[in-house]
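Inside the fold
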Amino acid sequence: MSSILQVALDTPLHRLFDYRLPDDMVNVPPGSLVEIPFGRTLQVGVALGQTADSSIGTDKLRNVIRVLDDRPALSPEILRLAKFCADYYHYPLGAILLATLPPRLKNALPFVADTPWLVLTEAGRLADPPARARVQRTLLDDLRMAPQSRDLLRAQKRGRHAAALVAAGWAAWTRVPPQASVAQQTTPPPPATPEQLAALERLLPALAHFKVHLIHGVTGSGKTEIYLRLIDAVLIQGRQSLVLIPEIALTPQLELHFRKRFPGRRIVTLHSGLAEGARTANWLAAADCDVLLGTRLSVFAPLPRLGLIVVDEEHDASFKQQDGLRYSARDVAIARGKQHDVPVVLGSATPSLESYAQALAGRYQLIELKQRAVSAAQLPAIELIDLKHVPVDNGLTRPALQALTETLARGEQSLVFLNRRGYAPALYCPSCAWVSPCPRCSARLVLHRGHSTRPHRLKCHHCGFETHIPTECPGCGNPDLKTLGQGTQRLEETLGALLPAARIRRIDRDTMRPRAWAELGEAVHGGAIDILVGTQMLAKGHDFPNMTLALILDTDGALYSPDFRATERLFAQLMQVAGRAGRADKPGHVLIQTAFPDHPLFRYLQRHDYAGYARELLAERKQLELPPVTRQVLLRAEATTMDSALAFLQRAAALAPDAADVSVFSATPAPMARVANLERAQLLIQSASRQALQAFVRDWRPQLESIKPRVARWSLDVDPLVF
Ligand code: ADP
Ligand code: ZN
Ligand code: ZN
């Protein structure tokens, strides 16, 4: 009699837990969610198997309280994917399984579904609101095409109009968008360019099986159009597509694009910016959607008829989760594609060296798009302004200012990129060299400008610490403190003073909420903005036809950074920012202020030569034995003192299994040695062989658990991106 249930729980322990099944719960399929007692609390766990006996005496076992059959069980596919992650990332299976679930399902409270979809009612089909209710009329028209998500409606500021339609009985909120009839396509696809056709000729026949394809296409080459045609082919087979994208901010625009292209199809979005209820509802809706569009967490969503996975901007660092289960959604997507035997299409203008090396080695199919899709759109000219010879005033050189002025005079738009938010990166004392330290981190407090009701503040970007501006230097009492350098707030102020006629908008984490993007897009398209000032947030994905100048300030820090990926990242970022300029029929222009114009990165950038730079970087990585030529695992430790963090890692190094082809480096303080009052240290493990490294960590991890004294926190980071 198999009356014992093995349950995976959200604990740090690498094991399952046994519970006795009461007589009325004979058969609990694997993946079912169950409520069980754990310590003095009740928890939700995932049933994995049933056995007849337990190593713990059956009489000591506690009972399963109930099977949560108000929600679907995790599918065998998801269980298998989680198992892969547990093995590869050396992370407890239970913690992974529960992390894949949306918030409401992790909780044993009766599950009440949210209603995030607005659909047309029978009355709405025939409704004819008065002509002056213009927005209501267009919303009705949209609903006749496809259900609309609450989030999208909010982003479009149409929530009020939606409510009016519901009040009139013309529309209703529902949990899952009903299967709509497959309507005519509203946006007919443009004829494919020769390069797009060539790419499709290679991709369409490959839809039947697993294979990784890397589309390396310059910005504006029409990668999205290729995805759409592949998705269309998969839809016709009645299968589902998973499209992973880096940014929450981009989903409203892209979602709209997809909906227009596939009216009547069930397109579901999933990202952490959704409210709990909507996220849960969308996760549930994913199982029978046609296209799931989402950020990294979507890689774990249930998709029983999966036929295609697309990872757009595959190089983007946001695909890697930096805490808890430190997974790369791109790599998990590839594992999932392999498990399902479906193709995985990676796309980028600047692929990660990891992916590019695979393509060069022939393991991924490489597909190149060298031209922009809109025939008149040329790649922008990139010019450098040498800061060693040209004076800078408030962060800006004269040629830069002149280019902004001329662009403004032509009625065109510019973007100014400065990857530092806040007013100034630090406050400093000229007499004793005090530079606003964070009391809890090894970092500087950043000066943020206030407004009339709120004075300036000093803020830590790492731990959230905040304080007022001191009236005198805490070090020496000097009342004359100065700001050091500039952030986006100050740049916005400077530009406002220099170009009083320009309508300037700042885009960074302080100004942008996810819903603000749709409005911003409209403002830029409608010509209500002349200059966008911002951080890397504005580098991504937006297509603004009248944007002809990109001005890039102060990225030199990355050129000589100790982080070996800094130049790879900078190149990608600069290509992306440059890609914002000249997307339509007007030529684009990029100006970069730098004190190191001779750095090889710029030579390749000016030629738009990603491939050349990638080969140079790969040669360098090979020589220095760095990824992707080698593989790395980082053991991190955090403790109240640096000594105890280092001692933990030294002990860990001493316990390392013998493996000739695996190198264990010395324990060192992390580059950012203290965050929120915890000292951080790390130990790097490296090998030319992924298998050897995996086998090493498999033997090593159980040893780590035995180390005494313990530290506040330790974790393994497989394929670390940030050190
Ligand atoms: P990418 O993702 O490669 O940067 P997009 O897919 O955003 O490029 O396409 C860039 C622009 O080119 C978009 O405005 C898109 O509508 C347009 N475009 C794409 N394919 C075609 C095509 N075949 N014909 C005309 N325009 C196209
Ligand atoms: Zn001082
Ligand atoms: Zn701090």
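As the structure is a prediction and not an experimental result, all values here were calculated from the model. (Residues numbered from 1 in each chain as written. Chains lettered and ligands numbered in written order. Predicted model: local features only at pLDDT ≥ 70, side-chain atom pairs only at ≥ 80, totals over all residues. Heavy atoms only, no water.)

Let us look at the overall build of the chain. Looking only at helices and strands, the chain features 20 helices and 33 strands. Viewed in the frame of its principal axes, the chain has a C-alpha envelope of about 85 × 75 × 55 Å. The proportion of buried residues among the 723 residues of the chain is 53%. Restricting the contact set of the chain to residue pairs at least 6 apart, pairs at least 24 apart contribute 74%. Accessible surface, the chain: about 31,400 Å² in total, of which carbon and sulfur atoms supply 53%. (Helix = DSSP H or I, 4+ residues; strand = E, 2+ residues; numbered from the N terminus. Buried < 20%, exposed > 50% of the residue type's maximum accessible area, 1.4 Å probe, protein only. Contact = heavy atoms within 4.5 Å. Areas by Shrake-Rupley, 256 points an atom, 1.4 Å probe, with all protein chains shown as cover.)

Another point: the packing of aromatic side chains. Going through the model one piece at a time under the given rule, you end up with 12 aromatic pairs. Measuring from ring centre to ring centre gives 5.3 Å for phenylalanine 17 and phenylalanine 38, while their planes differ by 85 degrees; the resulting arrangement is edge-to-face. In this pair, phenylalanine 17 sits in strand β2 (residues 17–20) while phenylalanine 38 sits in strand β3 (residues 33–38), placing the two residues 21 residues apart along the sequence. Overall, the relative accessible area of 8% leaves phenylalanine 17 in the buried class. Ring geometry for phenylalanine 571 versus tyrosine 610: centroids 6.5 Å apart, planes at 45 degrees, classification tilted. Pair noted here: phenylalanine 571 is in helix α16 (residues 566–579) and tyrosine 610 is in helix α18 (residues 610–624), with a separation of 39 residues, a long-range link. Of the two residues, phenylalanine 571 and tyrosine 610, neither departs from the other in class, the shared state being buried. (Phe/Tyr/Trp six-rings, centres within 6.5 Å; stacked < 30°, edge-to-face > 60°.)

With that out of the way, let us pick up the nonpolar core. Counting residues in hydrophobic clusters, the biggest one holds 125 residues, and the most contacted among them are Leu292, Leu532, Leu635 and Trp700. Per-element accounting of this core gives the leading share, 8 residues, to helix α1 (residues 76–89). Setting aside residues no more than four positions away along its own chain, leucine 532 makes contact with Ser414, Leu415, Val416, Arg505, Ile507, Leu520, Val524, Leu538, Phe544 and Met547. Among the nonpolar cores identified, the runner-up in size contains 25 residues, and Leu207, Leu308, Val310 and Leu369 belong to it. (Core = buried A, V, L, I, M, F, W, Y, C linked by side-chain atoms within 4.5 Å.)

Once that is clear, we can look at the pattern of salt bridges. The tally for this structure, following the rule as stated, stands at 36 salt bridges. For the salt bridge of glutamate 35 with arginine 66, the shortest nitrogen-to-oxygen distance reads 2.8 Å. You can see glutamate 35 sitting in strand β3 and its partner arginine 66 sitting in strand β5 (residues 66–67), a full 31 residues away along the chain. The exposure class assigned to glutamate 35 is buried, which follows from its relative accessible area of 9%. Here glutamate 466 and arginine 457 are joined by a salt bridge, their closest N and O atoms 3.0 Å apart. On the basis of relative accessible area, glutamate 466 is assigned to the partly exposed category, the value being 32%. (Salt bridge = Lys/Arg side-chain N within 4 Å of Asp/Glu carboxyl O.)

All right, on to the site of ligand 1 then. In the neighbourhood of ligand 1, 17 residues make up the surrounding shell, with Pro191, Gln196, Gly220, Lys223 and Asp543 lying closest. Contact between ligand 1 and lysine 223: an oxygen atom at 2.9 Å from a side-chain N or O atom of the residue. Protein chains shield 73% of the accessible area of ligand 1, which is 560 Å² for the free molecule. Per-element tally for the shell around ligand 1: the top contributor is helix α8 (residues 223–236), with 3 residues. Among the residues forming the shell around ligand 1, the class breakdown is 6 nonpolar, 7 polar and 4 charged. (Near = heavy atom within 4 Å. Polar contact = N/O pair within 3.5 Å; in protein donor to acceptor, adjacent residues only side chain to side chain. Nonpolar A, V, L, I, M, F, W, Y, C, P; charged D, E, K, R; others polar.)

Moving on, we get to the coordination of the zinc ion (ligand 2). Protein coordination at the zinc ion (ligand 2) comes from Cys429 (SG), Cys432 (SG), Cys473 (SG) and Cys476 (SG), with a distance range of 2.2 to 2.4 Å. Taken together, the 4 donor atoms coordinating the zinc ion (ligand 2) span angles of 103 to 114 degrees at the metal, a pattern that classifies the geometry as tetrahedral. Counting the intervening residues between successive donors of the zinc ion (ligand 2) yields the motif C-x2-C-x40-C-x2-C. Pair noted here: cysteine 429 is in the loop between β20 (426–428) and β21 (446–448) and cysteine 476 is in the loop between β23 (466–468) and β24 (482–484), with a separation of 47 residues, a long-range link. On the basis of relative accessibility, which here comes to 0%, the residue cysteine 429 falls in the buried class. (Donors = N, O, S within 2.8 Å, 3.2 Å for Na, K, Ca; no water. Tetrahedral: all angles 85-135°; square planar, octahedral: opposite > 155°, others 65-115°.)

All right, on to the side chain of serine 355 then. Here serine 355 shows up in helix α12 (residues 353–360). Polar side-chain contacts of serine 355 include one of 3.1 Å to the side chain of serine 352. With near-sequence residues (within four places) excluded, serine 355 lies in contact with Leu214, Glu314, Arg330, Leu346 and Tyr364.

Moving on: the sheet that holds strand β7 (residues 148–149). The antiparallel open sheet is built from 3 strands, whose spatial order is β7-β6-β8. Both edges of this open sheet fall to β7 and β8 (171–174), since each of them pairs with a single strand only. Two elements, strand β6 (residues 117–120) and β8, share 4 bridges in a ladder whose sense is antiparallel. If you follow leucine 118 over to β8, its bridge partner there is tryptophan 173. Its contacts with the sheet place helix α4 (residues 134–145) against β6, β7 and β8, and it is angled at close to 90 degrees to β6. Against the sheet, helix α6 (residues 159–167) engages β6 and β8, with an angle of about 110 degrees to β8. (Pairing = 2+ DSSP bridges. Axes fitted to C-alpha atoms, helices over the stretch in contact; angles between N-to-C directions.)

This brings us to helix α11 (residues 329–340). Between its first and last C-alpha, α11 extends 16 Å over 12 residues, near the 16 Å set by a 1.5 Å rise per residue. Most of α11 is tucked away: 9 of the 12 residues are buried. Along α11, the residues that are buried comprise Ala329, Arg330, Val332, Ala333, Ile334, Ala335, Arg336, Gly337 and His340. Once α11 finishes, aspartate 341 follows within two positions and takes phi at roughly 55 degrees, a positive value. (Expected span 1.5 Å × (residues − 1).)

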